[in-house]
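Coordinate inspection notes
Each chain is listed here by its residues.
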Amino acid sequence: MNFPSKLIEEAVSEVSKLPGIGKKSALRIVLHLLKRTEKETHSLADALVAVRTQIHYCKKCHNISDGELCSICLSPKRDASVVCVVQDSRDVLAIENTGQYNGLYHVLGGIISPLEGIGPSDLKIDSLLERLQHTSEVKEIILALSPTMEGDTTSFYLQKKLKPFSLKISTIARGIPIGGDLEYADEITLGRSIVSRINYD
Ligand SMILES: [Zn+2]
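The shown structure was predicted, so the numbers you read here are calculated from the model rather than taken from an experiment.

A word on the pairing of strand β5 (residues 140-143)
Every second residue of β5 is oriented toward a common face, with E140 and I142 on one face and I141 and L143 on the other, all of them buried. The pairing of strand β3 (residues 79-86) with β5 spans four bridges and is parallel. The residue of β5 that forms the bridge with V83 is I141. Sheet topology note: the β5/strand β6 (residues 168-171) ladder contains four bridges and is parallel. Among the inter-strand pairings, I142 is bridged to a residue of β6, identified as S170. Between the parallel pair β5 and β6, the chain is carried across by helix α7 (residues 149-162), and the sense of this crossover is right-handed.

The following block contains the structure:
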């Protein structure tokens, strides 16, 4: 791409480093910003800088937070007897968006992946165990990790570590999608949905 301005070229180069944005989209964004008021561009830039410099991670659950503790941990309306263990903050957002869960979370910050050199000590696992040692409020742990080899390895590891606490340990059902036809489901999904079957009522 040939740019008529070095400044535009630089801006496009920076914006196109963002996930899912190619050079063309980046140019569209930069040209769009030029059409808006200077104040609007400043607000955008300030918001991005603030998120980088001022964001915290919740001391208790390690979710993204504005303060020492996140709004979920602080909320008296949440059910503190259930803790849902997830890989990262994006999963918290996804589960929150379902509107089906009212418990607390614990964000591991990754999953065990020997290939990438990520072991249990790189994750917030000790912090989860410590959290459980300091409260008798938690009755159930939901392991909500992705149904991959790494996710399964992590769940298995956690389940072993959680055993001494004699809590209820559950995992998200990985069944057939609603409206999905059994014969079109892949074997692994189908197998899991049979193994982790729930009572029909
Ligand atoms: Zn929190």
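As for unusual backbone geometry
Of note, the phi angle at H62 is positive, near 70°, even though the residue is not glycine. Here H62 is to be found in the loop between β1 (56-57) and β2 (64-65). For S166, which is not a glycine, the phi torsion comes out positive at approximately 40°. Structurally, S166 can be placed in the loop between α7 and β6. Classification of S166 by relative accessible area gives exposed; the value is 67%.

Quick word on the side chain of E140
Within the element layout of this structure, E140 appears in strand β5. Buried within the structure, E140 lacks any salt-bridge partner; K168 is the closest side chain of opposite charge, at an N-O distance of 4.1 Å. E140 has contacts with S81, V82, V83, K168 and S170, leaving out every residue within four places of it along the chain.

Calculation criteria
- Just so you know, the residues in each chain are numbered from 1, in the order the chain's sequence is written.
- Whole-chain, interface and lining totals are the exception, using all residues; otherwise, since this is a predicted model, local features are given only for residues with pLDDT of at least 70 and side-chain atom pairs are given and counted only at 80 or more.
- Calculation of side-chain values draws on the structure's entire complement of heavy atoms; hydrogens and water are dropped beforehand.
- Buried, partly exposed and exposed residues are distinguished by accessible area as a fraction of the type maximum, computed with a 1.4 Å probe on protein chains only: under 20%, between the cut-offs, and over 50%, respectively.
- Strands here mean DSSP runs of E at least two residues long; helices mean DSSP runs of H or I at least four residues long; both are numbered from the N terminus.
- Strand pairing follows a simple DSSP-based rule, namely that at least 2 bridges must link the two strands.
- Clockwise travel from the first strand over the helix to the second, with the strands pointing away from the viewer, marks a crossover as right-handed.
- In summary, the charge assignment counts Lys and Arg as positive and Asp and Glu as negative, without counting His or the chain termini.
- By salt bridge we mean one thing: a side-chain nitrogen of Lys or Arg within 4 Å of a carboxyl oxygen of Asp or Glu.
- We call two residues in contact when some of their heavy atoms are within 4.5 Å.

The analysis is restricted to geometry; functional conclusions fall outside its scope.
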